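# Notes for the structure review
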Amino acid sequence: MNKLGRHIVAEFYGCNAQILNDVTHIEESMVRAAQESHATIINTTFHHFSPYGVSGVVVIQESHLAIHTWPEYQYAALDLFTCGEEVDPWVCYKYLLNRLQARHGSAIELGRGEKELLEKIPLAHPQNLKPSLKYNEIARNIWFTERDETIALSLRHTGEVLYRRQSPYQKVEIYDTLAYGKMLTLDGKVMTTEKDEYVYHEMITHVPLFTHPAPKKVLVIGGGDGGCVREVLKHSEIEKVVMVEIDELVIEASRIHLPHLASAFDNPKLELRIEDGIKYVANTLHPNFDIVIVDSTDPIGPAEGLFTIDFYKNVYRILNEDGILVVQSESPRYNVEVFQEIYQCFDNIFGKERVFCYLINVPTYPSGTWSIAYCSKGRAHPLHTFSHERYQAFLQNHQLQYYNKSIHKAAFMLPNFVSHLLKKPTLEW
Ligand code: SPD
C-alpha cells in the first residue's frame, strides 16, 4: 500500500430512526463492525444527545471508527479510518449499512498519508522511546476490556501488544499490563496473567494430586500456557503427563512471553500433543489416567465441545478406578447458568455424592470468584483422602504462592448461594 491509512467518509440515508436514537444499539453495532473486520478494540465512548442523536467512537489499534446520528432525518455520518493492510474499512461499512437498516449509503475513500510525499525520519528504537513503566509516568491511557452484556473488566496496559496471531481456532494475544504483568488472552478473554496465574494453576493441580491415593499418570486437556503441567510435574511420584492442546500458537506465545509458565514443556516426563482433546479422549480405548485436568477456555469457540456430556462420559471411561477429574467450571457469579449446567452434567456421570465444587479467587477473571469441579470415580475424596505425608515431603522441596492445606480445605466450604445453585450441601469440617 502506498498510503498509511484508508479513510472512508460515509453517509447513511433512510436508516431506522429508533436504532439511530438507541445509544446501546449504536455502540454495539460499532463494536461488532470493528470485530467483523478483525480490528483490535482499544476503547469506546458513546453519548446520547437530548432529545435525539448519538455520537461515538471506537478506538481501534488500527485507528478509529466514528459515528454521529440524526434520527429525525434518519441519517448517520460515519468516519471509518484504518491503518495497515490487515483491516478492511469496507467490511465495517457493509456491516453497519445493514445493522442500521439504511435504505442507501454513499461513501468516498480517501487515502491518508501518501507515502511518496512523506519523509521518514529515524527515531530511536521504540524500547528507548518508551516511558518508564512507573504508574504515574505513563502517558498513554489504554485499557484492555473483557465484557459481556452486563459486566466489564478492564486492565490498563502499555499499549504495546507483545504477541498477536490469529490461529485456526482463536485470536491469541499477549498484553503488557501495568498491574498484572504479561497477560495471555484468547478471543479477547483473559486466560492468565504473570502476577495471579499461580492461584488457578496451583489450585487446579495440587488439590487432586494430594487427594488421589497414588497418582502416577495425569492427562491435561488444554492448558497451552503450561501452568498446569509445571505444577503437576513438581510431584516427584508422577511418572507421566500427557498434555493435549489444540492450538499450538498458545504454546508458542507462552514459550516466548511467559517462560515462567512454560518452564516444564521440555520435561522428559511430558508428552505434548497438538491435537483436539475431544478426539484424543474419544480415541483412548482403556482406562489410562489417575487424574484428568481440563484447563479450558470458556464454553464458546474451540472449548465448546469440552463442556458436553459426551466428552465427559469418555473422560469417565478413561479414568483409572480411583481416578479424579478436575475441570475449570466457570464462575457462580458471572456465568450462573453455565455453572449450574456443568455440575448437572458431572452429577449425572459421576453421581451427585462424588462431585464437589471448590472456589478460588482470581482477580483478573470476571467477578474474581472462579470455581473448579472435583469429580471422583472411586475412593478419592477432596478432604478425607488428603495425604499429609506427601504434602509434608512436597514442602521440603517446593514453595507455593497460594496453595496450602488450609486453603485446600477452605476452598471446599461454599457460600450458601453457591450451595443453593448447586443443590449441594457444603462439606462439613
Ligand atoms: N474466563 C477464564 C477461564 C479461563 C480458564 N483457563 C485458564 C487457562 C489458564 N491456564
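Residues numbered from 1 in each chain as written. Predicted model: local features only at pLDDT ≥ 70, side-chain atom pairs only at ≥ 80, totals over all residues. Heavy atoms only, no water.

### Some thoughts on the pattern of salt bridges
To be explicit about the condition: Salt bridge, as used here: a side-chain nitrogen of Lys or Arg that lies within 4 Å of a carboxyl oxygen of Asp or Glu. Helix and strand labels come from DSSP, where a helix needs a run of H or I of at least four residues and a strand needs a run of E of at least two; each type is numbered from the N terminus. For each residue, the accessible area found with a 1.4 Å probe, counting protein chains only, is set against the maximum for its type, and the residue is called buried under 20%, exposed over 50%, and partly exposed in between.
Here the structure, examined in full by the defined rule, presents 18 salt bridges. Here glutamate 114 and lysine 3 are joined by a salt bridge, their closest N and O atoms 3.8 Å apart. With glutamate 114 in strand 6 (residues 104-114) and lysine 3 in strand 1 (residues 3-13), this residue pair connects regions lying 111 residues apart in the sequence. A residue is classified by how much of its surface remains accessible, and glutamate 114, at 30% relative accessible area, is partly exposed. With its nearest N and O atoms 3.0 Å apart, the salt bridge here joins glutamate 231 to arginine 230.

### Things to note about the site of the ligand
Quick reminder of the rule: Throughout, near means a residue has at least one heavy atom within 4 Å of the molecule or strand. Residues adjacent in sequence count toward polar contacts only when both atoms are side-chain atoms; beyond that, a polar contact is any pair of N or O atoms within 3.5 Å, and within protein one must be able to donate a hydrogen and the other to accept it. Throughout, the protein atoms alone are placed on a 1 Å grid, and a set of points is a cavity if a 1.4 Å probe fits but cannot get out or a pocket if it is open with protein on both sides within 12 Å along at least five of seven lines; lining residues have an atom within 4 Å of a point. In this description, a molecule resides in a pocket or cavity if more than half of its atoms sit within 2 Å of the grid points defining it. Amino acids outside the nonpolar list (Ala, Val, Leu, Ile, Met, Phe, Trp, Tyr, Cys, Pro) and the charged list (Asp, Glu, Lys, Arg) are all regarded as polar, and Gly is one of them.
Around the ligand, the neighbouring residues are Val190, Met191, Tyr200, His201, Asp225, Asp295, Ser296, Asp298, Gln328, Tyr365 and Trp370. The side chain of tyrosine 200 places a nitrogen or oxygen atom 3.2 Å from a nitrogen atom of the ligand. Separating a nitrogen atom of the ligand from a side-chain N or O atom of aspartate 298 is a distance of 2.9 Å. In this structure, the ligand is accommodated by the second largest pocket. When residues of the shell around the ligand are traced back to their parent elements, those giving at least two are strand 11 (189-193) and helix 5 (197-211). Considering only residue class, the shell around the ligand consists of 5 nonpolar, 3 polar and 3 charged.

### As for the domain arrangement of the protein
Quick note on the threshold: Domain limits in this description derive from either an automatic procedure or a database domain assignment.
According to the domain assignment, the protein contains domain 1 (3-114) and domain 2 (197-422). Distance from the C-alpha centre of domain 1 to the C-alpha centre of domain 2: 43 Å.

### Details of helix 7 (residues 248-257)
Short version of the rule: Should any heavy atoms of two residues lie within 4.5 Å, those residues are considered in contact.
Taken residue by residue, helix 7 has Leu249, Val250, Ile251, Ala253, Ser254 and His257 as its buried positions. In the core, the buried residues of helix 7 are packed alongside strand 8 (152-166), strand 9 (171-177), strand 10 (181-186), strand 13 (240-245) and strand 14 (270-274). Of the residues flanking the start of helix 7, the one acting as N-cap is aspartate 247, its side-chain oxygen 3.1 Å from the backbone nitrogen of leucine 249.

### Here we look at the packing of helix 9 (residues 309-318) against helix 10 (residues 336-350)
Keep this limit in mind: Axis angles are defined between N-to-C directions and span 0 to 180 degrees, where every axis is a line fitted to C-alpha atoms and, for a helix, only to the segment in contact. Here roughly perpendicular refers to angles of 65 to 115 degrees, roughly parallel to angles under 35, roughly antiparallel to angles over 145, and oblique to all remaining angles. Here a crossing is called left-handed whenever its near helix is offset anticlockwise from the far helix by less than a right angle, and right-handed whenever the offset is clockwise.
It is the contact of helix 9 with helix 10, at a shortest axis distance of 10 Å, that shows an interaxial angle of 40°. Compared by their axis directions, helix 9 and helix 10 come out oblique. Along this stretch, helix 9 crosses helix 10, giving a crossing that reads as right-handed. In this structure, helix 9 uses Ile309, Tyr312, Lys313 and Tyr316 to contact helix 10, whose residues at the interface are Cys345, Phe346, Asn348, Ile349 and Phe350. Class assignment for the residues of the contact of helix 9 with helix 10 results in 7 nonpolar, 1 polar and 1 charged.

### Brief notes about the sheet that holds strand 16 (residues 319-328)
Put simply, the rule reads: At least two bridges found by DSSP between two strands is the condition for calling them paired.
The strand order across the open sheet built from 7 strands is 14-13-12-15-16-18-17, with neighbouring strands paired in mixed fashion. Strand pairing shows two members of the sheet lacking a second neighbour, strand 14 and strand 17 (355-361), which therefore form its edges. Averaged over all pairs of adjacent strands, the angle between their axes in this sheet comes to 15°, without regard to strand direction.

### So, the sheet that holds strand 9
Pairing within the open sheet is antiparallel, and its 5 strands lie in the order 7-8-9-10-11. Each having just a single partner strand, strand 7 (142-147) and strand 11 make up the two edges of the open sheet. Strand after strand, the sheet turns through a mean of 50° between neighbouring axes, direction not considered. Direction of pairing for strand 10 relative to strand 11: antiparallel, over a ladder of 4 bridges. Looking at strand 11, one finds that methionine 183 is bridged to threonine 193.

### A short note on helix 3 (residues 89-99)
Considered for burial, the residues of helix 3 that qualify are Pro89, Cys92, Tyr93, Tyr95, Leu96 and Arg99. Those residues of helix 3 that are buried lie in contact with strand 1, helix 1 (17-20), helix 2 (23-36), strand 4 (63-70), strand 5 (75-83) and strand 6. One or two positions beyond helix 3, positive phi appears at glutamine 101, with a value near 55°.

### With respect to a nonpolar patch on the surface
As a reminder of what qualifies: Patch criteria: residues need more than 30% relative accessible area and no salt bridge. Like-charged residues are merged within 9 Å; nonpolar side chains of Val, Leu, Ile, Met, Phe, Trp and Tyr are merged within 5 Å. For the area figures, the Shrake-Rupley method with a 1.4 Å probe applies, and any residue is considered shielded solely by the protein chains shown.
A cluster of nonpolar side chains, Leu4, Leu117 and Leu118, forms an exposed patch at the surface whose accessible area comes to about 330 Å². With respect to the helices and strands, the residue leucine 118 is situated in the loop between strand 6 and helix 4 (126-129). Accessibility expressed as a relative area gives 45% for leucine 118, which makes it partly exposed.

### Quick look at the packing of aromatic side chains
Each aromatic ring pair is summarised here by two numbers: the centre-to-centre distance and the angle between the ring planes. Convention followed: What counts as a ring pair is set by centres within 6.5 Å for rings of Phe, Tyr and Trp (its six-membered ring), and what kind of pair is set by the plane angle: stacked under 30 degrees, edge-to-face over 60, tilted for all other angles.
Applying the stated criterion across every chain, the model contains 21 aromatic pairs. Ring centres of phenylalanine 210 and phenylalanine 394 lie 5.3 Å apart, and the angle between their planes is 85°; this geometry places the pair in the edge-to-face category. Here the residue phenylalanine 210 occupies a position in helix 5, and phenylalanine 394 occupies one in helix 11 (residues 388-397), the gap between them amounting to 184 residues. With a relative accessible area of 1%, phenylalanine 210 lands in the buried category. Its relative accessible area of 6% is what places phenylalanine 394 among the buried residues. Their ring planes at 55° and their centres at 5.1 Å tell us that phenylalanine 339 and tyrosine 343 sit as a pair that is tilted. With phenylalanine 339 and tyrosine 343 both in helix 10, this residue pair falls 4 residues apart, about one helical turn. Among the residues examined, phenylalanine 339 registers a relative accessible area of 0% and is labelled buried.

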